[in-house]
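Letter by letter, the chains look like this.
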Amino acid sequence: MLSAEQLSLMVKEHLGLYSYYDDVQHSCKWIVGESSVGGRGLIATENIAAGEVLFVDHPLIYGPRAGTILQQGCTVCCKLDSDEFFKCSKCALLLCSGQCQDSGVHSDDCAIISRWGTKVPIEDVDDKLLSRALTAIRVLLLSENQKQFMASLQAHTSPQHGTEIKDLKQFFDIPEDEEQLMTLACCVLDTNAFQIASLYGKKEMSLRGLYPVSGLLNHNCISNTRYSYNNEYQMTVKAVKPIPKGAEIFTCYSGVLWGTPARRTHLYKTKHFWCKCERCADPTERGTLLAALKCFSSECSGCLLPIEPLKPSTPWRCLECSLRIPSNNICAIQGALGSLMGTLNFENVEELENFLLYRVTKYIPKTNQIVIDLQCRLIWEFGDAEGFRWHGKIACKPCNLEKLYSRLIMIHVLVYTSTEM
Ligand SMILES: [Zn+2]
Ligand SMILES: [Zn+2]
Ligand SMILES: [Zn+2]
Ligand SMILES: [Zn+2]
């Protein structure tokens, strides 16, 4: 276990703010310290203004996500559709072209994997499994210092993590120390990795990265930062509100525009905790009503909200007529809405618009996260689809897209700017 000072130095070295070689330290406005929510966190050492860049992080390792249902693509350029895909004859990784095979990225990957003895002919190695394990395999490329840094990050060690490395042993003889390090990397990745956002609508393999400094940020659904990526997978973390000296710096591990039940379930499934933050505890989510459903009573125009949002089995109640609905019925509606969304073709503007106008808004109010999500998608498609224009198309009016911007701003104001954390 590293001390806070050792960890601080590693963090600064990783960010290029400190070098052991010339012993120069650049200042920044935060330190690694004790978190109010337990464990370590980043704490402001000076007042930080809204909009200030806190740091620019880069991944220790990055690569394909490990989900079994995710589509696999070229392990170098991430392209998903190609008639030319082939497996490397030395390592069995999937590639799209000679250019990707000759790249430095592939040479590094190939050098590690081709060192291992094989238990089956190389062409019989499962390239999907290899791709799912690739991010963890890349931990073997790190320097000793970087490996130590990786190992110092929080890790979920329950047996469901790291199965991709166990499965690799059907195909390869892997030295025990390498297996251990890769398994640890899987646990650290499952706990800390960020999904790297690709350009909206761009079809490429979904990636994740281990951003060690961002990984030290604790979660709050009312985050005081936001992050964005550039083409080099660098992550810029900025303050979204003033952060006073001594306050903890937070990020949101879940969808900021998702309602509480969706956020909490997602956090539980991916990060193994039930969030109890101020936003999660407020049935109205600071007035944003992102999870609200329409009242079941046909005479009432009110909204249903959870009575005790921190209890998954809480009944819901109408704000107007006080009608109570048991959680089972609410779950059934949420499930049905989810399935309906799953049937949609998001590239078909007319289908999206009809769904928004005539189907989904029968069950949910306009504040609901699904309406917000559909409106965001429509804005995107209107900007891109033949024959549609942002302001020109009459059909925009009933969708209320014009109002979306003001609603999004309102949500941000409500979520981010009320009380101090
Ligand atoms: Zn490629
Ligand atoms: Zn290869
Ligand atoms: Zn929360
Ligand atoms: Zn009602």
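All residue numbers refer to position in the chain's written sequence, counted from 1. Starting at A for chains and at 1 for ligands, labels are handed out in the order in which the entities are written. This being a predicted model, a pLDDT of at least 70 is required before a residue's local features are given, and a value of 80 or more before pairs of side-chain atoms are given or counted; all residues contribute to the totals for chains, interfaces and linings. Hydrogens are left out, water is left out, and the side-chain values use all remaining heavy atoms of the structure.

Visitor: How do you make sense of the coordination of the zinc ion (ligand 1) when you look at a structure like this?
Guide: Where a metal carries four tetrahedral donors, each ideal angle is 109.5 degrees; where it carries six octahedral donors, the ideal angles are 90 or 180 degrees. In this analysis a donor is any N, O or S atom within 2.8 Å of a metal ion (3.2 Å for sodium, potassium and calcium), and since water is not included, sites may seem incomplete. Bound to the zinc ion (ligand 1) are the protein donor atoms C74 (SG), C77 (SG), C96 (SG) and C100 (SG), situated 2.3 Å from the metal. For the zinc ion (ligand 1), the 4 donor atoms in the first shell make angles of 102 to 115° at the metal, a pattern classed as tetrahedral. For the exposure calls, accessible area comes from a 1.4 Å probe over protein chains only, and a residue counts as buried if that area is under 20% of its type's maximum, exposed if over 50%, partly exposed in between. You can call C74 buried: its relative accessible area is 0%. Each label reflects the angles at the metal, where four donors whose angles all fall between 85 and 135 degrees are tetrahedral, four or six donors whose opposite pairs open beyond 155 degrees and whose other angles stay between 65 and 115 are square planar or octahedral respectively, and the rest are irregular.

Visitor: Help me understand the nonpolar core in this model?
Guide: Soluble globular proteins tend to pack their nonpolar side chains together in the buried interior. Only buried residues count toward a nonpolar core, which is a set of Ala, Val, Leu, Ile, Met, Phe, Trp, Tyr and Cys residues joined through side-chain atoms within 4.5 Å. One finds W30, W116, I137, L168 and F172 to be the most contacted residues of the largest nonpolar core, which totals 71 residues. Each domain's extent is set by a domain assignment, obtained either automatically or from a database. Inspection of this core shows a minimum of three residues originating in each of domain 1 (4-58 + 211-251) and domain 2 (62-209). It only takes one pair of heavy atoms within 4.5 Å for two residues to be counted as in contact. Beyond its immediate stretch of four places on either side in the chain, F172 contacts C91, I113, W116, G117, T118, K119, I122, V125 and L130. Within the second largest apolar cluster, 23 residues are counted, among which are C300, L356, V360 and V371.

Visitor: Hey, could you run me through unusual backbone geometry in this one?
Guide: Both trends apply: most residues other than glycine have a negative phi, and most peptide bonds are in trans. For Y233, which is not a glycine, the phi torsion comes out positive at approximately 65°. Even without being glycine, R286 reaches a positive phi, approximately 60°. Each helix is a run of H or I in the DSSP string that is no shorter than four residues. Each strand is a run of E no shorter than two, and both are numbered from the N terminus. Here R286 shows up in the loop between helix 9 (278-281) and strand 17 (293-294). The class for R286 is buried, based on a relative accessible area of 11%.

Visitor: Just checking my understanding: could you explain the coordination of the zinc ion (ligand 3) for this structure?
Guide: Protein-derived coordination of the zinc ion (ligand 3) comes from C221 (SG), C275 (SG), C277 (SG) and C280 (SG), at a distance range of 2.2 to 2.3 Å. If you look at the zinc ion (ligand 3), its 4 donor atoms make angles of 103 to 115° with each other, and the shape they trace is tetrahedral. Site description for the zinc ion (ligand 3): donor spacing in sequence, C-x53-C-x1-C-x2-C. By the burial criterion, C275 is buried, and C280 matches it.

Visitor: Is there a simple way to think about the pairing of strand 16 (residues 248-251) in this case?
Guide: For a regular strand, side-chain orientation follows a simple rule: the groups alternate between the two sheet faces. What you see with strand 16 is no split at all: E248 and F250 on one side and I249 and T251 on the other are buried throughout. Pairing of strand 4 (residues 40-44) with strand 16 involves 2 bridges; the strand directions are antiparallel. In the sheet register, L42 faces strand 16, and the bridge partner there is I249. Any two strands between which DSSP finds at least two bridges are classified as paired. The pairing of strand 13 (residues 218-219) with strand 16 spans 2 bridges and is parallel. Counted as the bridge partner of H219 is T251 from strand 16.

Visitor: How should the packing of helix 5 (residues 144-151) against helix 7 (residues 176-192) be read in this particular structure?
Guide: Relative placement of two packed helices is described by the angle separating their axes and the distance separating the axes. Orientation is described by axes fitted as lines to C-alpha atoms, over the contacting stretch for helices, and by angles from 0 to 180 degrees between their N-to-C directions. Relative to each other, helix 5 and helix 7 sit at 50°, their axes nearing to 10 Å. The pairing of helix 5 with helix 7 is recorded here as oblique in orientation. Here the hand of the crossing between helix 5 and helix 7 comes out left-handed. Counted together, K147, M150 and A151 of helix 5 and L181, L184, A185 and V188 of helix 7 form the full contact between these two elements. Oblique is the label for any angle not under 35 degrees, not over 145, and not in the 65 to 115 range, which are roughly parallel, roughly antiparallel and roughly perpendicular in turn. Note on convention: near helix rotated counterclockwise from far helix by under a right angle means a left-handed crossing. Clockwise means right-handed.

Visitor: Help me understand helix 3 (residues 104-115), please; the structure alone is not making it clear to me.
Guide: Each α-helix winds once per 3.6 residues, and so residues spaced three or four apart point in a common direction. Here helix 3 spans 17 Å end to end across 12 residues, near enough to the 16 Å set by a 1.5 Å rise per residue. Every buried residue of helix 3 is accounted for by H106, D109, C110, I112 and I113. Taken around the axis of helix 3, the buried residues stretch over an arc of 165°, which confines them to a single face. Of the surrounding secondary structure, the elements contacted by the buried residues of helix 3 are strand 8 (94-95), helix 2 (98-102), helix 4 (127-137) and strand 10 (172-173). What a helix should span is 1.5 Å times the count of its residues minus one. Regarding the arc, it is the one traced by the directions from the helix axis to the C-beta atoms.

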